[in-house]
Amino acid sequence: MPIRSIDVIYRWQDDLPDLTQTAVIVIDTLRATTTIAAILANGARAVLPVGEVERAYRMKEQDPALILGGERDNRPLPGFDAGNSPYDYPPDVVRGRRVVLTTTNGTQAVERAQGARWQGLGALVNARAAAAAQQQGSGQGLIVCAGTQGHVSLEDVLAAGAIAWHWPQEACSDRALIARALFDNWRGRLYEGVSQSGHARTLIDQGIGADVQFASRLDMYKTAVVRTAGGWFEETAPES
Ligand code: MLT
């Protein structure tokens, strides 16, 4: 796939270009796309991010074998099997299972990018693999950051920079170059950067600081998270 361009949208609510020729990666470093990468790396068959809690409940009613996970205000939901922490999905719980995840913000961002030619999910934990898979999806790439409560978030732009880093510099838009510069600034001490963000500070105050550390581990996973024809996301190893 000839490489042409990579751009970054800092908040999913902002205007998106036509996505029909574009490979889109959605990022919600804290915590949805980090957690989805962990769920799949721990052996789950597939994950479906859904925006609406009611839809998640309905799916579980129809198929009780599903694991229902997610949060509102960073807390697990009543009747759910798990929250939005990567530690909620150990291999012995998720192996071979399908997970439906709904979160405050990140899963809405994923739904917004549904019309894309190719869609993946990215985070610091799988940045290199996400970029490689994205370039195989289309030479025209876009990274959409979830942000936090409608605002640009430091941890998502950092992860966008980690992914854009693997695109040629001449393909980068100004927004991609800004994200790369931010990543370059914190590279080698990513936890220090991520933990200064507003959402990280909220999670740390709520006693969920371990998730912030988890989300700061660059390229812990060598596999990408890619949307399949049925809409579910699965793990794939990018071709080398
Ligand atoms: C979100 O989707 O808003 C986040 O993943 C929230 C969280 O940290 O659980």
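Check the entry above for the structure.
Residues numbered from 1 in each chain as written. Predicted model: local features only at pLDDT ≥ 70, side-chain atom pairs only at ≥ 80, totals over all residues. Heavy atoms only, no water.

Trainee: For this particular structure, what's the right way to read the pairing of strand β3 (residues 46-49)?
Mentor: Side-chain direction in a regular strand flips from residue to residue, so the side chains alternate between the two faces of the sheet. Across the two faces of β3 the burial is the same, with Ala46 and Leu48 and Val47 and Pro49 all buried. Here β3 pairs with strand β5 (residues 98-102) via four bridges, running parallel. Within β5, the residue paired with Pro49 across the bridge is Leu101. (Buried < 20%, exposed > 50% of the residue type's maximum accessible area, 1.4 Å probe, protein only. Helix = DSSP H or I, 4+ residues; strand = E, 2+ residues; numbered from the N terminus. Pairing = 2+ DSSP bridges.)

Trainee: Can you help me understand the packing of aromatic side chains in this one?
Mentor: Describing an aromatic ring pair means giving the distance of the ring centres and the angle of the ring planes. Going through the model one piece at a time under the given rule, you end up with three aromatic pairs. On the numbers, 5.3 Å between centres and 90 degrees between planes, the contact of Tyr57 with Phe80 is edge-to-face. Taken as a pair, Tyr57 in helix α2 (residues 53-62) and Phe80 in the loop between β4 (67-70) and α3 (91-94) lie far apart in primary sequence, 23 residues in all. According to the relative accessible area criterion, Tyr57 is partly exposed, its value standing at 25%. Of the residues examined, Phe80 reaches a relative accessible area of 12% and is grouped as buried. An angle of 75 degrees between the planes, with centres 5.3 Å apart, marks the rings of Tyr87 and Phe214 as edge-to-face. (Phe/Tyr/Trp six-rings, centres within 6.5 Å; stacked < 30°, edge-to-face > 60°.)

Trainee: Got a minute to help me understand the packing of helix α6 (residues 154-164) against helix α7 (residues 174-186) in this structure?
Mentor: Each packed pair of helices is defined by two parameters, the angle between the axes and the distance between the axes. Two elements in contact, α6 and α7, have axes whose closest approach is 7 Å; the angle formed by their N-to-C orientations is 100 degrees. One way to sum up the angle between α6 and α7 is to call them roughly perpendicular. The residues of α7 that touch α6, namely those facing Leu154, Val157, Leu158, Ala160, Gly161, Ala162 and Ala164, are Ala176, Ala179, Arg180, Leu182, Phe183 and Trp186. Partitioned by chemical class, the residues of the contact of α6 with α7 number eleven nonpolar, one polar and one charged. (Axes fitted to C-alpha atoms, helices over the stretch in contact; angles between N-to-C directions. Parallel < 35°, antiparallel > 145°, perpendicular 65-115°, else oblique. Contact = heavy atoms within 4.5 Å. Nonpolar A, V, L, I, M, F, W, Y, C, P; charged D, E, K, R; others polar.)

Trainee: Hey, could you run me through the site of the ligand in this one?
Mentor: In the vicinity of the ligand, the contacting residues are Asp28, Leu30, Arg31, Ala32, Glu71, Asn74, Asn84, Thr103, Thr104, Asn105, Gly106 and His199. In the environment of the ligand, an oxygen atom lies 2.5 Å from a nitrogen or oxygen atom belonging to the side chain of Thr103. Residue Gly106 places a main-chain N or O atom 2.7 Å away from an oxygen atom belonging to the ligand. Notes on the ligand: free accessible area 270 Å², of which the protein chains cover 95%. The residue makeup of the shell around the ligand, split by class, is two nonpolar, seven polar and three charged. (Near = heavy atom within 4 Å. Polar contact = N/O pair within 3.5 Å; in protein donor to acceptor, adjacent residues only side chain to side chain. Areas by Shrake-Rupley, 256 points an atom, 1.4 Å probe, with all protein chains shown as cover.)

Trainee: Where do I start with the state of the cysteines in this structure?
Mentor: Here is the idea: a disulfide is a covalent bond, and it sits between the sulfur atoms of two cysteines. All chains considered together, the criterion is met by zero disulfides. Cysteine Cys145 is unpaired, with the sulfur of Cys172 as its nearest cysteine sulfur at 14 Å. (Disulfide = S-S within 2.5 Å.)

Trainee: Even after reading the chapter, I still don't get the nonpolar core, so can you show me in this structure?
Mentor: If you look at soluble globular proteins, the nonpolar side chains tend to sit buried side by side. Grouped together as the largest cluster of nonpolar side chains are 39 residues, with contacts concentrated most on Ile6, Val8, Ile27, Leu30, Ile143, Ala160 and Ile163. No other element matches α6, which puts seven residues into this core. Apart from residues lying up to four places away in sequence, Ile143 is in contact with Ile6, Asp7, Val8, Ile9, Ile25, Ile27, Gln134, Ala160, Ile163 and Ala164. (Core = buried A, V, L, I, M, F, W, Y, C linked by side-chain atoms within 4.5 Å.)

Trainee: Help me understand the side chain of His199, please; the structure alone is not making it clear to me.
Mentor: For His199, the location among the structural elements is in helix α9 (residues 198-205). When its relative accessible area of 13% is taken as the criterion, His199 is described as buried. One polar contact links the side chain of His199 to the main-chain carbonyl oxygen of Leu30, over a distance of 3.3 Å. Excluding residues that lie within four positions of it along the chain, His199 makes contacts with Leu30, Asn74, Thr148 and Glu155.

Trainee: Could you clarify how one ought to interpret the side chain of Thr35 in this entry?
Mentor: Along the chain, the position of Thr35 falls in helix α1 (residues 32-41). Discounting residues that sit within four places of it in the chain, Thr35 has contacts with Asn84, Ser85, Pro86 and Tyr89.

Trainee: Looking at this model, I keep getting lost on the pattern of salt bridges. Mind explaining?
Mentor: Note on pairing: side chains with opposite charge can pair once their charged atoms come close. The final tally for this structure, using the stated rule, is eight salt bridges. Close ionic contact of Asp14 with Arg11 constitutes a salt bridge, the shortest N to O distance being 2.6 Å. A relative accessible area of 22% places Arg11 in the partly exposed class. Between Arg55 and Glu111 there is a salt bridge whose closest N-O contact spans 3.7 Å. Separated by 56 residues along the polypeptide, Arg55 in helix α2 and Glu111 in helix α4 (residues 106-112) bring together distant segments of the chain. A relative accessible area of 26% means that Glu111 is categorised as partly exposed. (Salt bridge = Lys/Arg side-chain N within 4 Å of Asp/Glu carboxyl O.)

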